[in-house]
Structure formats: C-alpha cells, structure tokens
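# Summary of the model geometry
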Amino acid sequence: MREAVYRCSECGRNYPLAPELTVCAECQRQQEANQPLRGVLEVAMAEAPANPADILAWLPVESEYFPPVPVGGTPLWQPANLRRRFGCNRLYIKDDGANPTASFKDRASWLVSAFARKHGINDIALASTGNAGSSMAGIGAAAGQRVTLFLPKSAPDAKLVQALQYGATVHRVDGSYDLAYDLSLEFTRRRGGMNRNTAYNPLTIEGKKTVSLELFQQLGQAPDVLFVPVGDGCILAGVYKGFRDLHQFGLIEKIPTVIGVQAAGSAALWQAMQSGRFTAIPTATLADSICVDVPRNGLHALNQLRNHGGRLITVSDRQILAAQAELAATTGLFTEPAGAAAYAGFVQCADELDPAALVVILATGNGLKDIATARKGVTVPEQTITSVEEIL
Ligand SMILES: *Cc1c(COP(=O)(O)O)cnc(C)c1O
C-alpha cells in the first residue's frame with residue numbers, strides 16, 4: 001500500500017484516500033452557486049517514490065489496477081522552423097494529442113479508472129465539454145467499466161461519436177457544460193458509482209501531473225517556461241502538482257514559470273486574477289475545450305499561479321484560428337483549437353522570452369477532434385476538377 005492522503009488545498013486538512021471523498025467537507029460549507037469549487041483536494045504522498053524514473057510510482061494507485069492502454073509517454077517535438085523564426089532554440093512542443101483517445105484528458109481518466117477498479121467500482125459518470133468524456137469512455141472501455149457521459153449538445157461531433165464508439169451511454173444536454181456538470185453530479189448522487197468531474201474528483205488533477213514528470217524525464221530537467229491552455233484550470237493545477245512533487249523530493253530546484261492561456265471570449269480565470277473575484281457570465285469561444293463559464297478549479301488554480309509566479313494571458317479566437325493553421329503548416333503538428341491557444345499565447349509572448357530559455361508548449365488535443373472549427377482557418381477549394389489540364 002502506498003502512503004498517501006488527500007489534503008485540502010484550502011485549509012490543509014487531511015483525509016483518507018477514499019473513493020467516496022471528493023471535496024473537503026469543511027470548506028464545502030462555503031460553496032456558493034456559480035462559483036469555483038471550494039475545498040478541492042490534492043493527493044499528498046508521504047515519501048519520495050523508490051524509483052523516481054517510474055512514473056507509476058508517483059501515483060497513489062498500484063500499477064496492477066491500471067487499464068491496459070498506453071497513456072502518456074507522448075512525443076516531445078523539436079520544431080526547427082519555429083525555433084528559427086522565433087529565435088528560441090530550446091523550444092519544444094509536447095504533443096498530448098498522441099494519447100490513446102487523442103487528448104491530454106487520458107492522463108486523468110487513466111488514474112480515475114485504476115482507482116475505481118481498485119475499489120471495485122464499475123460505474124463512472126462525468127460531464128465534459130467533449131474530451132474528458134471521450135477519454136473516460138475509451139479508457140473505461142479498456143478497463144471494462146460502464147461510463148455515463150453528460151455532454152452539451154454543442155460538443156464537436158467527433159467527440160460525441162468517439163464516446164459512442166467506445167460504448168459509453170451519452171446524455172446530450174440542452175445547455176452549457178456548466179449545466180452538464182450539475183446534472184452529472186446529481187446523477188452520481190442518486191445512482192452511485194464514481195464521478196470523474198474535473199477537480200471534483202481529486203484524482204483528475206493528480207493524473208494530470210504526469211505530464212510534468214514526463215517532461216522532466218524527457219528533457220533531463222524541468223522547463224523554464226511552459227504554456228498551458230486553461231479552461232477549468234485542472235491541467236494548470238496538475239502541471240503545478242507534478243512540478244511541486246519533483247520539488248518537494250529534491251529533484252528540481254525551482255518551479256517553472258507557467259503561462260496559462262485563455263480564450264478572450266471565455267476568460268473567467270483571467271478576469272478573477274485581475275478583479276480578485278469570479279463572476280459567472282456566459283462565455284463563448286471556438287476553442288470548445290476551454291469554453292467554461294465557471295472554472296471549477298478556479299480558486300486552486302489562482303492560488304497556484306500566485307504562489308509560483310505564474311501568469312495568465314488571453315488570446316482571441318482569431319489568433320487561435322490563425323495559430324492552429326500556422327502551427328500545422330510550420331511544424332506538421334495539427335492540434336485542436338485549445339492546443340492552438342497555447343501556441344497563440346507563445347506567439348504573443350515570444351518577444352519577452354529569454355532566447356536561452358527552455359520553453360515548452362502543451363498541445364493538448366489532436367486537430368481531428370474538431371474539424372468544423374479547423375475548417376474556418378483554411379480555405380477549402382470550391383472548384384473540383386477532373387483533369388490536370390484545369391490546374392496547369
Ligand atoms: C480540457 C482541455 C483543456 C483545458 O483544461 P482545463 O483543466 O479545463 O483547464 C485544454 N485543452 C484540451 C484539448 C482539453 O481537452
């Protein structure tokens with residue numbers, strides 16, 4: 001048995017690592033409607049893993065419970081054309097679209113699935129803008145678990161079809177992700193099983209930390225600067241958790257500078273960083289994976305940014321579309337709009353970066369996940385041909 005507890009990210013109370021626990025009961029009393037979750041729990045490990053090179057050894061579930069699907073170990077690209085263009089010779093792109101279901105979310109689903117299995121739980125429900133749902137559906141399929149997904153009807157077709165292909169039960173929600181979130185919680189309360197909602201299930205953030213552990217392994221050091229797309233703020237928090245674990249056990253000396261990138265049309269976290277409070281206003285962006293009115297992990301994410309000198313910036317949908325096509329055409333990496341937002345953030349800040357800095361852009365999902373939006377960034381030829389004569 002691995003020594004680990006849940007620790008409240010707000011008040012520091014410890015709880016046992018039990019599957020029925022979600023958020024800190026004490027801090028949850030201060031929960032207000034349409035506000036980020038209170039009392040988000042983190043996993044705290046008692047001691048360094050015996051073999052730090054084994055990423056599974058950093059996780060609070062034993063390896064035999066993980067489903068047989070190759071999550072993580074995603075490629076780190078060295079984009080020569082971009083390095084030249086921006087004079088940033090140590091620029092890398094972490095391609096998390098290369099995960100089994102083509103998004104970063106597999107890192108969280110994988111750990112949640114293992115934790116459920118360890119505790120004999122076979123039903124997992126969740127709400128998702130699309131990727132978390134198709135991810136949990138795919139990982140759940142490999143594990144033989146039943147997955148029930150609450151998906152806003154606006155979710156890109158590929159993500160819906162993907163979840164159905166994996167055999168999940170999909171309830172299409174006539175409303176936003178925020179409504180889907182509430183419905184899925186009510187469903188779990190009434191039906192039992194595990195809920196994988198982001199931040200609400202502490203293992204989502206814990207699973208996402210593996211990207212930082214992997215970067216440390218692949219680079220032989222932590223990056224200096226990391227660009228991360230931000231919606232609910234769980235990837236951001238997971239990224240920090242990984243670096244904090246490495247720091248806690250003496251493997252790195254300082255926490256990298258994390259630059260969170262939000263879509264200007266859905267920038268609740270950015271607004272809260274300016275104003276000090278969260279206001280739930282309906283938001284919209286083409287980058288569906290980061291379209292969030294109430295960032296569920298908002299408080300925790302803001303604290304991380306403040307404690308570790310991180311920054312938040314915003315990019316417009318126009319910048320995101322341009323960045324998506326530019327990244328694809330310059331590097332051969334086709335990422336979905338949310339991933340392109342991280343690249344757009346890099347483009348926006350490139351002048352300010354130290355040319356010697358080791359910079360990583362986190363490309364969180366495959367471009368094929370949302371073709372309808374990607375289509376807006378290119379010109380599809382109207383004319384069809386039947387002979388080469390017509391184009392010579
Ligand atoms: C979920 C997701 C994000 C944002 O992660 P948050 O934890 O909601 O901030 C970014 N990119 C992709 C592709 C995603 O699926």
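Above this text you will find the structure in question.
For the structure given in this document, a descriptive report is provided here. (Residues numbered from 1 in each chain as written. Predicted model: local features only at pLDDT ≥ 70, side-chain atom pairs only at ≥ 80, totals over all residues. Heavy atoms only, no water.)

## Comments concerning the packing of helix 4 (residues 131–143) against helix 5 (residues 157–165)
The angle between the axes and the distance between the axes are what describe a pair of packed helices. One can describe the packing of helix 4 onto helix 5 by two numbers: an axis separation of 8 Å at closest approach and a directional angle of 20 degrees. In terms of axis orientation, helix 4 runs roughly parallel to helix 5. Between helix 4 and helix 5 the crossing geometry is left-handed. Facing Asn131, Gly133, Ser134 and Ala137 of helix 4, the residues of helix 5 in contact are Lys159, Gln162 and Ala163. Residues belonging to the contact of helix 4 with helix 5 are distributed by class as follows: two nonpolar, four polar and one charged. (Axes fitted to C-alpha atoms, helices over the stretch in contact; angles between N-to-C directions. Helix = DSSP H or I, 4+ residues; strand = E, 2+ residues; numbered from the N terminus. Parallel < 35°, antiparallel > 145°, perpendicular 65-115°, else oblique. Left-handed = near helix turned anticlockwise from the far one by under 90°. Contact = heavy atoms within 4.5 Å. Nonpolar A, V, L, I, M, F, W, Y, C, P; charged D, E, K, R; others polar.)

## Description of unusual backbone geometry
Leaving glycine out, the prevailing phi sign among residues is negative, and the prevailing peptide bond configuration is trans. If you check the backbone angles, Asn34 has positive phi at about 55 degrees while not being a glycine. You can see Asn34 is positioned in the loop between helix 1 (25–28) and strand 3 (41–45).

## Points about the pattern of salt bridges
Enumeration over the complete set of coordinates arrives at 19 salt bridges. Notably, a salt bridge pairs Arg296 with Asp178, separated by 3.2 Å at the nearest N-O pair. Of the two residues, Arg296 is situated in the loop between helix 10 (268–275) and helix 11 (298–307) and Asp178 in helix 6 (residues 177–191); the sequence distance between them amounts to 118 residues. Judged by relative accessible area, which is 9%, Asp178 ranks as buried. Linking Glu206 and Lys241 is a salt bridge whose minimum nitrogen-to-oxygen distance equals 2.9 Å. Taken together, the residues span a long stretch of sequence, with Glu206 in helix 7 (residues 202–208) and Lys241 in helix 9 (residues 234–248) at a distance of 35 residues. Both residues of the pair, Glu206 and Lys241, count as buried. Each of the salt bridges in this network shares a partner with another, and the network as a whole consists of Lys94, Asp96, Arg107 and Glu214. (Salt bridge = Lys/Arg side-chain N within 4 Å of Asp/Glu carboxyl O. Buried < 20%, exposed > 50% of the residue type's maximum accessible area, 1.4 Å probe, protein only.)

## Notes on the site of the ligand
Lining the immediate environment of the ligand, one finds 16 residues, of which Lys105, Asn131, Gly231, Asp232 and Thr364 sit closest. A distance of 2.9 Å separates an oxygen atom of the ligand from a polar backbone atom of Ile235. In the shell around the ligand, the residues fall into six nonpolar, six polar and four charged. (Near = heavy atom within 4 Å. Polar contact = N/O pair within 3.5 Å; in protein donor to acceptor, adjacent residues only side chain to side chain.)

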